[in-house]
Structures are given as structure tokens and as C-alpha cells.
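What follows is each chain in one-letter form.
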Amino acid sequence: MTPKPVYDPSEDSSYKSVTAGDIATLEIFPPVGIARLGDSDKEYFFAPEVPGNISPPTPDGNFRDDQQKIRRQAARFRVYAYDKKGSLLGEVNCKNGYRLTWTVHVANKKGSFTKFKGRYKQVTGDRRNPDVDSDLPLDKRSHLIVDPNEKTIVYGLGPQIVKLEGEFYGSKDDPTTVYLGELHVDGTGRLVFLGGRGYSQSVADVGKPQPEVISEFDNTDWVDDTSDGWVSVKVTATKFSKSSGHKATILCAPSKFAWGVYMPTTLYDIMEDIYDQKNKPNRTEDEVDVEFYTRIYPVLLATYTLSWTNNKALEGHGPFGKGNFLSPDVKKDLISITTNNLKNEIFRRLRAPDYRNKDQAVATYMPRLSGDNGDMPEPGEISEDTDPIKRFAALTKLQYDCFKAWKDGKFSVVEPKRVTKIEDVNLSDQPRYLTRAHLELTIGDPLYPGIEMWWLAKLPDTYDFECKLDPPFRVNHDTILPGHLTRGLSLPWQADFDLCNTHWWPAVRPDIVVTKADYEETMKRGSGTAEQKLAIATTTRRNWTRGLRDTTNYISYPGSTDMVKFWSYLGFVKQYPGTDPPVYLESERRKLPNPT
């Protein structure tokens with residue numbers, strides 16, 4: 001079966017003519033594309049291409065096809081032409097006379113990597129599969145690497161689908177074929193990348209029941225179908241041929257089970273901060289350009305949306321919390337140029353970046369999330385760490401400086417315009433919109449190890465600082481090889497996805513949810529005013545992983561084993577239609593075949 005997109009917002013768009021002789025450089029956007037796993041072979045949806053998309057990017061609002069399989073999120077890549085002055089000429093594709101030949105190289109190198117270690121843990125050389133290819137460098141351990149090698153696809157020539165498959169041996173003599181996804185092209189010749197189906201397996205006893213997961217991060221002889229790598233393109237026309245100036249990056253990650261729910265810090269924020277500190281090392285706090293709906297509101301919105309998937313966020317930022325920043329009366333103070341108590345209090349509660357204030361290693365500061373050195377201690381717990389502040393998340397330096405400028409009244413307010421497709425955005429803004437749209441739905445902090453990338457994302461050496469695009473956000477693929485950006489993540493991905501709840505990634509992996517059925521029952525048949533019923537519905541919650549066994553002692557990992565088997569049965573959180581402020585409810589949950 002050939003999977004098809006359920007909807008293409010760009011399908012009927014036209015594109016301005018671009019004269020080949022004016023083209024000096026070609027660049028791929030987004031610079032980092034995010035694909036997500038799903039078990040449907042019938043349908044997929046495109047990753048958002050304009051920021052601020054709180055509704056599911058499907059006409060029916062569902063993440064499952066009519067067979068109740070999870071639709072994959074596809075990453076689509078476009079090519080933009082620039083003249084010799086660096087001015088943007090337009091997108092080039094088959095509709096305005098150009099042929100695009102795409103080359104992609106992704107890999108899965110989790111099995112060949114070292115055992116998990118956090119960013120601040122002692123570095124060791126211990127390997128995940130110590131008895132296989134033990135005398136070889138990490139990138140040469142071919143029996144533990146799934147590598148389809150470079151693949152090429154071009155619209156109108158050759159197959160319209162190119163599968164990405166490689167072999168994984170583990171400790172066995174015979175290989176197991178692992179499917180990492182496939183390449184498509186849309187009707188204009190753009191690249192469409194579909195990732196894997198979310199299947200993880202142990203090759204220890206192929207054909208027999210899968211063994212139990214025995215580690216949070218490092219399971220010997222296991223392989224999953226996440227991946228990462230690079231994308232390049234060659235553009236041709238009559239008497240014209242030119243390749244892209246920089247490669248783009250593709251990341252294939254687990255499904256996002258909470259749509260419209262954001263983290264305070266995303267990979268976009270992480271990358272922007274790294275480039276800011278590299279290119280403007282002497283920038284002062286007064287030199288940041290702060291627009292409220294771009295810099296400030298996304299973080300405040302995240303606190304509210306997270307309240308629907310995390311009980312700690314509910315306490316302070318839920319619909320009836322003191323920190324609900326969505327009400328019209330509160331927004332007046334938020335966008336006021338004059339300094340006021342609300343803005344002062346918000347800024348006072350922010351944890352300073354770069355661990356500069358050691359006294360803020362407590363849960364009263366925000367974000368109330370764990371950090372890059374492991375679980376944050378609960379109030380009253382005594383941390384044995386010599387530097388406990390690293391167990392708490394914080395905004396980036398650029399984010400923090402923007403909040404300080406906002407608090408001091410040094411910002412602007414431009415009401416956002418909602419658009420549904422990138423072609424409705426001014427041409428000069430399209431590369432930036434595409435970049436943010438893909439990355440704003442990711443996890444930037446904490447990275448222990450992370451969802452889309454591990455803490456390698458926070459190291460400046462990961463990036464290409466010669467790139468002067470806007471925004472740049474280019475991975476240095478001369479040193480960061482296919483498979484490097486995901487190899488430090490949990491193996492299999494379901495193990496960490498089971499265990500990391502409460503203080504970790506509730507924007508992707510919900511902790512606790514309000515079901516659609518419970519909400520509707522309370523609102524229709526409950527007693528009291530509409531507000532009282534909403535308060536009851538908001539606090540009537542169920543564990544997102546209900547029906548899966550609990551992993552409580554970390555000696556065995558039954559919940560992680562169940563997550564491998566049943567992850568595709570779990571529900572999706574999304575906005576309930578017609579609610580203002582928005583209500584986010586779980587639906588589309590399938591009945592577990594063997595509940596335990």
C-alpha cells in the first residue's frame with residue numbers, strides 16, 4: 001500500500017517565475033525537518049509549515065486513519081533561490097520550471113553507541129553492545145548500525161517511493177532488516193520524508209516472544225526505527241544546474257501525543273540561543289529585539305497548555321490557577337508597556353539561565369521541570385548533588401533577556417495573523433516560518449536524554465557557524481554524521497517514553513489527562529454552573545498510560561515492555577472544538593488487546 005497525505009495545504013498554489021540566470025545560491029528549508037513515527041501505511045500528514053498551529057493538521061482533526069492506525073508526520077523540504085546579493089528570489093520547483101534531485105542519508109546508530117550518560121555525568125567508554133564489533137570505532141561497528149546509505153529520488157524519473165532499509169545483526173550471525181522509512185516527492189517535486197512505523201525489537205531470539213526491557217536507556221540486542229541524517233538537492237533546468245549551498249537535517253522522532261501543547265523551551269530556542277551567543281558574544285540585555293507574540297507569549301501559553309497533561313502545571317497555570325495567562329483581563333497587564341506587578345512577579349519566578357543562581361534549585365522557580373542532570377527533587381527532598389541547580393530546567397539566556405526587556409517595557413506588540421499555508425506568508429518570511437513551525441513542537445529542555453535529539457543539541461560544535469542564512473540553524477554534517485543526532489537517545493525509544501513522566505516532556509508524552517468522555521459527561525450532566533462543571537472536569541483526570549503496568553522499582557521494567565507492545569494504542573490530546581480558553585482532551589485511544 002502506498003501511503004498518501006490526508007491533506008496538502010499547498011496543493012493548488014502557484015509560484016512566481018525565477019530566472020535561472022539570477023540564481024547565485026540555493027538553500028533547503030526547513031533547515032531541520034521533524035518526521036514522527038506512526039504505524040499507518042495508508043495515510044500521513046505534513047508537519048506544520050506555519051507556526052502557531054494548535055489544531056491537528058488534518059481535515060478530520062484525527063491522528064488515526066480509518067483502520068485506527070497512527071498517521072505518520074512527514075517532513076517536507078523546499079528549495080529557495082537567492083541572488084548574488086543574498087536577496088530571496090523565490091521557491092523553485094517543478095511548477096516554475098525546475099527539476100529537483102534529492103539525496104538523503106539517514107541512519108540509526110543507537111546500538112553502536114556508548115551507554116547513556118547525561119551531559120553532566122562522568123564520561124565512560126562503556127558500550128551498549130560491548131561484545132559486538134568491540135575492537136572497532138563507534139562509526140565502524142556495522143553489525144550494530146542500520147544504514148540504508150545514500151538514496152536519491154527525483155520527480156518524474158525512476159520510482160516515486162524509495163524505501164530506507166538497512167540490516168541490524170546485533171549479536172547474531174544473520175541480519176534483521178530494519179525499515180527506517182521512505183522518500184516521496186509531492187506534485188511539485190519537493191522531498192517528502194516519512195520515518196519509521198514505531199516498531200522496536202530485540203534480535204536475541206527472532207521469531208520468539210520479545211524479551212522484557214531491562215534498562216531505562218541501554219538494552220542489548222535491541223533496535224528501533226528512529227533515525228537522523230542529512231538532505232541535499234540538485235536543481236536543474238535548461239542550461240542550469242546547481243546544488244544546495246548547505247545540507248538540511250532530518251530527525252525522525254516518536255509521535256507527538258499532545259497537539260497544541262508546547263514546552264517553554266524548544267529546539268528552536270536552543271539553536272537560536274547558540275547562534276546568538278556565537279555571533280553576538282558581547283550583546284547586552286538592552287540589545288534584544290522583543291516582540292510580545294513571538295518572544296514572550298509562546299512561553300506563557302506553554303504553561304497553560306501543559307496544565308492539561310501535567311498536574312504540577314495544573315496547580316499553578318490551569319484554567320482556575322493564579323498563573324493562567326490567557327484571560328483577557330490578565331493579557332492587558334501582559335501587553336502593557338508600563339511595568340506592573342504581574343510582569344515583575346513572572347520575571348522574579350524565572351530560573352536564571354546557565355545555572356548562574358545556585359539558590360534557585362527549588363521547585364518554586366519556573367519552569368517546574370527536571371534538568372539536564374536528572375530528576376528534579378520534590379519540595380522537601382534533600383539532593384546529594386554538589387551542584388543541584390543542574391537538576392532543574394531553565395530558559396535560555398536569550399529567552400531570559402527577552403523576558404527582562406519585556407518586564408522593563410522594552411518590547412512591541414504585533415497581533416499575529418493566522419494563516420494555514422506557507423504560500424500565504426510574505427516571501428521574505430517563508431524560510432523563518434518554515435524553520436520555526438517544525439521546531440516549535442519539539443523538546444529543547446530538558447535533554448536527559450531528550451525526544452528528538454539528545455544533549456548534543458546544546459553543544460556549539462554541532463552547528464555550522466559559517467552559514468549566514470536567516471535563520472541559519474545548520475548542523476555541521478562534515479563532523480555530525482548520519483545517526484549521530486539520535487544515537488544518544490534511549491534504546492528502544494519506548495523505554496524512556498514509559499519512564500519519563502511528571503517533570504519531563506508532557507508536551508509530547510502526556511502524564512495525566514482529561515478524557516473527552518469524562519469532560520462531556522461532566523459538562524452535560526454535572527450539577528452547578530458552567531464554571532463549576534468546568535472546574536470538576538478539569539480535575540477529573542486519568543493516567544495517560546492506564547492499562548500498562550507500572551515500572552516502580554527500576555529493577556524490572558514492565559511498563560517499558562508494555563510501551564513497546566502497546567504505544568500505538570494510547571490516546572492523543574488535542575483542543576476540544578469551540579472552547580475559549582482552549583480545553584485539551586484525550587481521545588482516539590484504542591482498547592488494549594491484553595490489558596494487565
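Residues numbered from 1 in each chain as written. Predicted model: local features only at pLDDT ≥ 70, side-chain atom pairs only at ≥ 80, totals over all residues. Heavy atoms only, no water.

Asker: Would you mind going over the nonpolar core with me for this structure?
Answerer: Soluble, globular proteins show a tendency: their nonpolar side chains are buried together. Residues Phe77, Trp102, Phe193 and Phe403 are the most contacted members of the largest nonpolar core, which totals 134 residues. The dominant element in this core, judged by the number of residues it contributes, is helix 2 (residues 292-306), at 10 residues. Grouped together as the second largest cluster of nonpolar side chains are nine residues, Phe29, Val50, Tyr80 and Cys467 included. (Core = buried A, V, L, I, M, F, W, Y, C linked by side-chain atoms within 4.5 Å. Buried < 20%, exposed > 50% of the residue type's maximum accessible area, 1.4 Å probe, protein only. Helix = DSSP H or I, 4+ residues; strand = E, 2+ residues; numbered from the N terminus.)

Asker: Just checking my understanding: could you explain the side chain of threonine 561 for this structure?
Answerer: Mapped onto the elements of the fold, threonine 561 is located in helix 11 (residues 558-566). In terms of polar contacts, threonine 561 uses its side chain to reach the backbone amide nitrogen of valine 213, at 2.8 Å. Setting aside its immediate chain neighbours within four residues, threonine 561 contacts Glu212, Val213 and Arg549. (Polar contact = N/O pair within 3.5 Å; in protein donor to acceptor, adjacent residues only side chain to side chain. Contact = heavy atoms within 4.5 Å.)

Asker: How do you make sense of the UniProt feature "domain: L-Lysine epsilon oxidase N-terminal" (unreviewed entry) in the protein when you look at a structure like this?
Answerer: With numbering aligned to this structure, UniProt lists the feature "domain: L-Lysine epsilon oxidase N-terminal" (unreviewed entry) at residues 29-249. As a span, residues 29-249 carries 0% helix and 37% strand, and end to end its C-alpha atoms are 10 Å apart. (UniProt positions renumbered as here; feature names shortened; annotations may be inferred.)

Asker: Mind showing me how you'd approach the packing of helix 9 (residues 516-525) against helix 10 (residues 530-539) here?
Answerer: Two elements in contact, helix 9 and helix 10, have axes whose closest approach is 9 Å; the angle formed by their N-to-C orientations is 155°. With respect to their mutual orientation, helix 9 and helix 10 come out roughly antiparallel. Crossing hand, helix 9 versus helix 10: right-handed. For the pair formed by helix 9 and helix 10, the contact residues are Tyr519, Thr522 and Met523 on the first element and Ala530, Lys533, Leu534, Ile536 and Ala537 on the second. Per-class residue counts for the contact of helix 9 with helix 10 are six nonpolar, one polar and one charged. (Axes fitted to C-alpha atoms, helices over the stretch in contact; angles between N-to-C directions. Parallel < 35°, antiparallel > 145°, perpendicular 65-115°, else oblique. Left-handed = near helix turned anticlockwise from the far one by under 90°. Nonpolar A, V, L, I, M, F, W, Y, C, P; charged D, E, K, R; others polar.)

Asker: What is the right way to read the environment of serine 10 from this model?
Answerer: The residue serine 10 is located in the loop between strand 1 (4-5) and strand 2 (25-29) in this model. Along the primary structure serine 10 and threonine 124 are separated by 114 residues, whereas in three dimensions their C-alpha atoms are 48 Å apart. Among all residues touching serine 10, those that are not within four sequence positions of it are Tyr15, Glu49, Arg76, Arg78, Arg190, Ile422 and Glu423. A distance of 2.8 Å separates polar atoms of two side chains, one belonging to serine 10 and the other to arginine 78.

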